[in-house]
Amino acid sequence: MQIKLEHLEKKFGDATAVQDLSLTIENGKLLTLLGPSGCGKSTVLNMISGILAATSGRIWFDDKDVTGVPPEKRNVGLVFQNYALYPHMTALENICFPLEIKRVPKKQRIERARELAELIRISDLLDRKPLQMSGGQQQRVAIARALAKEPQVFLMDEPLSNLDAKLRVEMREEILRIQRASKVTTVFVTHDQEEALSISDSVVVLKNGVFQQQATARTLYDEPENYFVADFLGTPPINKLFGVMKNGCFCFKDSDLCCELPLRHPVEDGKETVLAVRPESILLSVAQQKLPCVVDERYSVGKDELAILNIAGQTMRGFVNPEYPISTGDKLECGFKQRGIFLFDKKTGERLS
Amino acid sequence: MKRKNELVKEGSLVERATKTRAFFEPVAFLAPFMVGLILFTVYPFINVFILSFKQNYKLSGAFSSFGLKNYADVLSDPNFLNGLKNTGLYVLFVVPIATVLSLFIANALNHDIKLKAVFQTSYFLPMVTSITAVGLVWKWLFNYDYGLINYLLSLFGISAINWLNNPAYNLSALIIYSVWSMLPFTIILLLAGFQNVDPQYYTAARVDGAKSGKIFFRITLPLLAPTIGLTTIINMISASKVFTELFPLFNGKPGSAYSLYTVVYYLYDMFYAQWKLGKAAASAIILFFIVLILTLLQLRIQRKWKNY
Ligand SMILES: Nc1ncnc2c1ncn2[C@@H]1O[C@H](COP(=O)(O)OP(=O)(O)O)[C@@H](O)[C@H]1O
Ligand SMILES: [Mg+2]
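As the structure is a prediction and not an experimental result, all values here were calculated from the model.

**Q** Sorry, what's going on with the overall build of chain A here?
**A** Within chain A, the secondary structure is distributed over 8 helices and 20 strands. The C-alpha extent of chain A, read off along each of the three principal axes, is 75 × 45 × 30 Å. Counting every position in chain A, which comprises 353 residues, the buried fraction comes to 52%. The contacts in chain A between residues at least 6 apart in sequence include a share of 67% that link residues at least 24 apart. When the accessible surface of chain A is totalled, it reaches about 16000 Å², and 48% of it is carbon and sulfur. The centroid of the 46 positive side-chain charges in chain A is displaced by 5 Å from the centroid of its 47 negative side-chain charges.

Now the structure itself:
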């Protein structure tokens, strides 16, 4: 089932939660909606499931317009953020419930539920009620319930946000495996960039209900289309260096230090810009550019060594080779790799280089 | 409690002080209530219990013999047996009807229905009005010649019923009136129960494909079961003590032909009208045990119904 959103819009009173969103999710693919809390991810998901009515725009499942179809007729499976398992039913009854509604005979229902439980590895939990299960177990049951009726569309709203870090990674892989096995078109919502990057075929970044960019995880990281996307992805966050354009070069703010960059198109002098540099794109030893900087501090985070560098009065974080002999106070020359360095218009966020 | 004991190490001064406080603080807070309870409930109850074994008890304190004769007399008194039967029928009809009606009304009130404000005021009405005053109004509603109820029945081609003066219909009239007066309290409790159900379950059920009827019976009702159990138990206890309701409808008589005795009316009759204190006490104790058994049964069922 291919899902297509056309100029989808949702208003709550005067507030616009989702604005002019158009995208296509190909049959059998997993798409992630990524964005900070409150950017309208759940709203989009709830419009796809039919829980919320769109203010305007259309939703297509293949060539069927489902915009006005109520949720009970859309045949979507939805995993709620807090699972919403029925507390008075056992795991088995929860999984069987959508089948019961479909009037599947009891024997077949249970058979199918057991199959799913096998796939999702909860066979030993089927007699428990939701309150007797951990978050991770509840989540699996919720997934099984959503998949039980063989939905045309599988929707998950931040299903991993209630789990601890280790379980989250495990479940992430699990979900990926289940999705690959069931081949159902899936929309996965998260505010966690790492989760989005590791799970999906394609990621859509949203900001305040407005579409930012759709791409593969890799492309999103390597080629962000605007400042927001560049800033939202990556840990530690991308370095932001402020400056203005002079003769087609980026010049650091309040300094005559400039560096040349391959511009996408000519930019007028005096435009305020932001140079965004990934921490791994800072070169300390053999750099093309020779930009003088001072080491403010050096520290390690787990396996990585980081240095805080002062360049023309601004600071940036960069990874350093653990063997590289620099320490606080050292003056040296640095430069940037070709990859992971972007120039943005400060006002519009448009990418210039 | 147990946990606290495990956590606190034995013997330290601080701990001993805490323990002392942990005992005296609740006692101090509870004392006024406990004194009231002992003075006005426990002590009288014990007295009534003892009294129920004394034959021909006089207020002077004299009595002829001690034993089970009062119980034997009460249990063979046709008025008492009639009262037992009427009370049983009354409970059997009033409580389920009131519960089901309340469920529907509370469900409607829980949804955004039209005229919600009007409804909310009107279902509360029986609660804030005096049972006797309203009873008199109902007496008019039940009036054979001019009553609204007979008028409504006539619209459906049903001939007038002599609700209050034909003994065959006395119990029905009492039940109708009592269901009405039981509604507000039940609705309020059920409404609280309805509002405690997380609306996300309804959303989930809709996504699962369920329509509203299915959602009501498979999701709402089971989640409401503990509340329904609670209202049933409270209503059963109060219905077993039916008495006040008789006065306005039948001019203080137990039905138009003295045929609508209830257990409490019998008790009242023995005590105030006939001064048979021992028999009154015995019937009180019998009623007490009936209510106790009902309560225990209900608690058991309720525990089973508490399903998550
Ligand atoms: N039922 C609602 N009524 C009014 N505003 C809402 C409602 N649901 C969501 N919103 C608003 O819409 C925006 C998007 O919300 P949501 O889709 O829940 O964000 P996300 O899931 O990305 O955190 C938020 O600003 C939120 O306050
Ligand atoms: Mg959300």
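**Q** Can you walk me through the pairing of strand S10 (residues 210-215) of chain A in this structure?
**A** Regular strands show a simple pattern: their side chains alternate between the two faces of the sheet. All names here are of chain A. Here 5 bridges tie strand S9 (residues 202-207) to S10, and the two strands are oriented antiparallel to one another. Its bridge partner lying in S10, valine 205 is registered against glutamine 213. As consecutive antiparallel partners, S9 and S10 are separated by 2 residues, and within that stretch asparagine 208 has a phi angle of approximately 45°, a positive value.

**Q** Would you explain the nonpolar core in this entry?
**A** Nonpolar side chains tend to gather and get buried jointly when the protein is soluble and globular. Residues A:Leu5, A:Phe61, A:Val187 and B:Ile219 are the most contacted members of the largest nonpolar core, which totals 54 residues. The greatest single-element share of this core, amounting to 6 residues, is contributed by helix H10 (residues 212-240) of chain B. What A:Phe61 contacts, discounting residues up to four positions off in sequence, is A:Met1, A:Gln2, A:Ile3, A:Ile48, A:Val66, A:Arg74, A:Val76, A:Gln152 and A:Val153. One finds B:Val74, B:Ile149, B:Ile175 and B:Val291 within the second-largest nonpolar core, a separate group that totals 44 residues.

**Q** Sorry if this is basic, but what is going on with H10(B) here?
**A** Residues spaced three or four apart along an α-helix face the same direction, because each turn holds 3.6 residues. Here H10(B) contains 29 residues, and its C-alpha end-to-end distance of 36 Å is more than 12% below the 42 Å for a straight helix at 1.5 Å per residue. The axis of H10(B) is deflected most strongly, by about 55°, at B:Ala225, and proline B:Pro226 appears within four residues downstream.

**Q** What is the right way to look at unusual backbone geometry in this model?
**A** Apart from glycine, the bulk of residues carry a negative phi angle, and the bulk of peptide bonds sit in the trans form. Between A:Thr235 and the following residue, A:Pro236, the backbone shows a cis peptide bond with an omega angle of -10°. Mapped onto the secondary structure, A:Pro236 falls in the loop between helix H8 (227-232) and strand S11 (239-246).

**Q** Help me understand the layout of surface pockets in this model?
**A** Regions of empty space are outlined by a rolling probe, equal in size to a water molecule, passed over the atoms. Residue and element names in this part refer to chain B. Taken as a whole, the largest pocket holds about 460 Å³ of empty space. Counting residues per element, the ones that place at least two in the lining of the largest pocket are helix H2 (13-51), helix H12 (263-273) and helix H13 (277-305). In terms of residue count, H13 provides more of the lining of the largest pocket than any other element does, 8 residues in total. The residues that make up the lining of the largest pocket include at least three from each of domain 1 (2-51) and domain 2 (69-305).

**Q** So what exactly am I meant to see when it comes to the interface of chain B and chain A here?
**A** A common way to express how large an interface is: the accessible area buried when the components associate. The partner chain A presents 22 residues to the 17 residues of chain B that form the contact. Counting each side, the surface lost to burial between chain B and chain A is near 2000 Å², with a carbon and sulfur contribution of 63%. By the criterion of area lost to chain A, the three top residues of chain B are B:Val207, B:Asp208 and B:Arg218, representing 32% of everything that side buries. Counting every contact that joins chain B to chain A gives 4 salt bridges.

**Q** For this particular structure, what's the right way to read the site of ligand 1?
**A** All names here are of chain A. Near ligand 1 you find Phe12, Ala17, Pro36, Ser37, Gly38, Cys39, Gly40, Lys41, Ser42 and Thr43, and these make up its full shell. Backbone polar atom of glycine 38 to an oxygen atom of ligand 1: 2.6 Å apart, as the coordinates give it. Expressed as a share of its isolated accessible area of 560 Å², the protein-covered part of ligand 1 is 53%. Looking at the shell around ligand 1 element by element, the count peaks at 3 residues for helix H1 (residues 41-49). Of the residues assigned to the shell around ligand 1, the class counts are 4 nonpolar, 5 polar and 1 charged.

Rules of the game
Residues numbered from 1 in each chain as written. Chains lettered and ligands numbered in written order. Predicted model: local features only at pLDDT ≥ 70, side-chain atom pairs only at ≥ 80, totals over all residues. Heavy atoms only, no water. Helix = DSSP H or I, 4+ residues; strand = E, 2+ residues; numbered from the N terminus. Buried < 20%, exposed > 50% of the residue type's maximum accessible area, 1.4 Å probe, protein only. Contact = heavy atoms within 4.5 Å. Areas by Shrake-Rupley, 256 points an atom, 1.4 Å probe, with all protein chains shown as cover. Lys, Arg positive; Asp, Glu negative; His and termini not counted. Charge placed at Lys NZ, Arg CZ, Asp CG, Glu CD. Pairing = 2+ DSSP bridges. Core = buried A, V, L, I, M, F, W, Y, C linked by side-chain atoms within 4.5 Å. Expected span 1.5 Å × (residues − 1). Bend = angle between axes of the 7 residues up to and from the residue. 1 Å grid on protein atoms, 1.4 Å probe; cavity = no way out; pocket = protein on both sides within 12 Å on 5 of 7 lines; lining within 4 Å. Points joined across faces, edges and corners; volume = space filled by probe spheres on them. Domains from an automatic or database assignment. Buried area = accessible area lost by both parts, 1.4 Å probe. Salt bridge = Lys/Arg side-chain N within 4 Å of Asp/Glu carboxyl O. Near = heavy atom within 4 Å. Polar contact = N/O pair within 3.5 Å; in protein donor to acceptor, adjacent residues only side chain to side chain. Nonpolar A, V, L, I, M, F, W, Y, C, P; charged D, E, K, R; others polar.

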